Amino acid sequence: MFPISSSVPKYRAFVHQPKFNLMLSSNCVHSLPQRPHLSTSSPRFRASKFTSKSPFAPALSFRVSGTHHRFSTKKWKISCFRHEESSSGTPNPESADELLHESEKAEINKPVVDRRNWATSLREVADALFRAIGKPWTVPWTADTILQVTLLWIVSFWFVGSWMIPFGAHIVGFSKDSLTFRGQALFSLLTDVTEGLAGILILHRCLSRFRPLPSDWFKFSLKGNWLFDVLLGCLMFPLVNRLSQFNLDLLPVLPSTPVTLSSVEQSIMARDPIAMALYALVLVVCAPLWEEIVFRGFLLPSLTKYMPVWSSILVSSVAFALAHFNVQRMLPLIFLGVVMGVTYARSRNLLPSMLLHSLWNGFVFLDLMK
């Protein structure tokens, strides 16, 4: 380092050293509305030079002062540092007001943020449940086909059970009321099988023009992790039974309505083993087979073309309950239809829902035998 002579003005030390770094903060420039116009009177420059060993080597501080300004007579003082720090420690009033305003705004918006978080959490839980239920089916037909199959099935169910089978029995020369317990059980089995075959024939006829169907339609398979769903559905049976009692309390049987025992209950009271076996075959095998094909195999997936899967499960469950023509059993049948619908939607397999349906009917049958 070369010494500077005392006869040379001090500002030449700043002029003749190109390696001297002057570092100004951008805030210094923006803090001035205009660049001050200095008078021609001799200014005083004071420069501080630091060596590389100094801890304050990166910083530079200088002061420019004058006695005459164009706009103001106040002294201009500029202090610039690499790191913006306030030596006086006095808070800026504007900054304090802004911080207070931001704090108040945060307190006001906090309940809104909490509500949004709760809404987001509930939406995520609902989305997870909907994903667990399953995705919609690929439905190649329209609402016209859905309505056509449904109406034809209702007509065939009513025609076979109320007209065709009784008329055939009348032609042969006997009526259902004159039959023994075993004859009535056989009559019920014949009626149920005919109704199921009629429904399957309607499906085959109406959907034949859409063949081949996608692989997840009317699927029966032993493969898959569906045993847990069936077990979970069986745990719902006591709740279905509770709903049955609640439905009876809500809509009790009218006193004027005669209380009669069904043919199944009469056979159980008579302890006829053959009649009981025939009724068990109807309840545990035949009815679950064709009911699951119609309501879960066809109606539920078809509705997913026009509504979400959970809505399709609910609508098909209501249709399943209405098909039993018993107001005192509406609530438990709707809930049972939902359980079987969720099981079918998760597995895309009719075997789990059919097994669950059979287990429920068997549970009811065993309960009647007590």
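All of these numbers come straight from a predicted model, not from anything done at the bench. (Residues numbered from 1 in each chain as written. Predicted model: local features only at pLDDT ≥ 70, side-chain atom pairs only at ≥ 80, totals over all residues. Heavy atoms only, no water.)

Caption draft 1: The pattern of salt bridges, seen in detail. The tally for this structure, following the rule as stated, stands at four salt bridges. Asp 229 serves as the salt-bridge partner of Arg 346, at 3.1 Å between the closest nitrogen and oxygen. Placement of Arg 346 in helix α11 (residues 330-347) and of Asp 229 in helix α6 (residues 227-234) is noted, with a sequence separation of 117 residues between them. Given the relative accessible area of 40%, Arg 346 is considered partly exposed. (Salt bridge = Lys/Arg side-chain N within 4 Å of Asp/Glu carboxyl O. Helix = DSSP H or I, 4+ residues; strand = E, 2+ residues; numbered from the N terminus. Buried < 20%, exposed > 50% of the residue type's maximum accessible area, 1.4 Å probe, protein only.)

Caption draft 2: Structural detail: the UniProt feature "transmembrane region" (unreviewed entry) in the protein chain. In the UniProt entry, the feature "transmembrane region" (unreviewed entry) is given for residues 145-165, 274-294 and 330-347. For residues 145-165, the end-to-end C-alpha separation is 28 Å, with 100% helix and 0% strand making up the annotated structure. Helix makes up 100% of residues 330-347 and strand 0%, whereas the separation of the span's terminal C-alpha atoms amounts to 26 Å. (UniProt positions renumbered as here; feature names shortened; annotations may be inferred.)

Caption draft 3: Representation of the environment of Thr 150. Here Thr 150 lies in helix α4 (residues 143-172). With 149 residues separating them along the chain, Thr 150 and Leu 299 place their C-alpha atoms 8.1 Å apart. Polar contacts involving the side chain of Thr 150 include one to the main-chain carbonyl oxygen of Ile 146, which spans 2.8 Å. (Polar contact = N/O pair within 3.5 Å; in protein donor to acceptor, adjacent residues only side chain to side chain.)

Caption draft 4: Fine view of the packing of helix α8 (residues 263-270) against helix α9 (residues 273-303). Running from amino to carboxyl end, α8 crosses α9 at an angle of 145°, the nearest separation of the two axes being 8 Å. The chirality of how α8 crosses α9 is left-handed. Of the residues in α9, those touching α8 at Ser 263, Val 264, Ser 267 and Ile 268 are Ala 275, Met 276 and Tyr 279. Residues belonging to the contact of α8 with α9 are distributed by class as follows: five nonpolar, two polar and no charged. (Axes fitted to C-alpha atoms, helices over the stretch in contact; angles between N-to-C directions. Left-handed = near helix turned anticlockwise from the far one by under 90°. Contact = heavy atoms within 4.5 Å. Nonpolar A, V, L, I, M, F, W, Y, C, P; charged D, E, K, R; others polar.)

Caption draft 5: Summary view of unusual backbone geometry. The omega angle of the peptide bond from Arg 211 to Pro 212 is 0°, so this bond is cis rather than trans. You can see Pro 212 is positioned in the loop between α5 (181-206) and α6. The phi dihedral of Phe 325 is positive, around 55°, even though this residue is not glycine. Relative to the helices and strands, Phe 325 is located in the loop between α10 (309-322) and α11. The phi dihedral of Arg 348 falls on the positive side, at around 50°, and the residue is not glycine. Inspection of the secondary structure puts Arg 348 in the loop between α11 and α12 (350-368). On the basis of relative accessible area, Arg 348 is assigned to the buried category, the value being 15%.

Caption draft 6: Fine view of the side chain of Thr 145. Within the fold, Thr 145 resides in helix α4. Setting aside residues up to four positions removed in sequence, Thr 145 forms contacts with Cys 206, Leu 207, Arg 209, Phe 210 and Phe 298.

Caption draft 7: The arrangement of a nonpolar patch on the surface in detail. On the surface, Val 155, Trp 158, Phe 159, Trp 163 and Met 164 cluster together into a nonpolar patch covering about 540 Å² of accessible area. Take Trp 163: it is sitting in helix α4. (Patch = residues over 30% accessible without salt bridge, like charges linked within 9 Å, V, L, I, M, F, W, Y side chains within 5 Å. Areas by Shrake-Rupley, 256 points an atom, 1.4 Å probe, with all protein chains shown as cover.)

Caption draft 8: Structural detail: the packing of aromatic side chains. Under the counting rule described, the total for this entry stands at 15 aromatic pairs. Here Trp 141 and Trp 217 contribute two aromatic rings whose centre-to-centre distance is 4.7 Å and whose plane-to-plane angle is 65°, an arrangement assigned as edge-to-face. Highlighted residues: Trp 141 in the loop between α3 (93-133) and α4 and Trp 217 in the loop between α5 and α6, separated in sequence by 76 residues. Given a relative accessible area of 0%, Trp 141 falls into the buried group. By relative accessible area, which is 5% here, Trp 217 ends up buried. Taking 5.8 Å as the distance between ring centres and 40° as the angle between the ring planes, the aromatic pair formed by Trp 153 and Trp 290 counts as tilted. (Phe/Tyr/Trp six-rings, centres within 6.5 Å; stacked < 30°, edge-to-face > 60°.)

Caption draft 9: Quick peek at the nonpolar core. Ranked by internal contacts, the top residues of the largest apolar core, which has 42 residues, are Trp 137, Trp 141, Trp 153, Leu 203, Phe 295 and Phe 298. Listed by contribution, the elements that provide at least two residues to this core are α4, α5, α7 (237-250), α9, α10, α11 and α12. Every residue in contact with Phe 295, bar those within four places of it in the chain, is listed here: Trp 153, Leu 300, Ser 316, Ala 319, Phe 320 and Ala 323. (Core = buried A, V, L, I, M, F, W, Y, C linked by side-chain atoms within 4.5 Å.)

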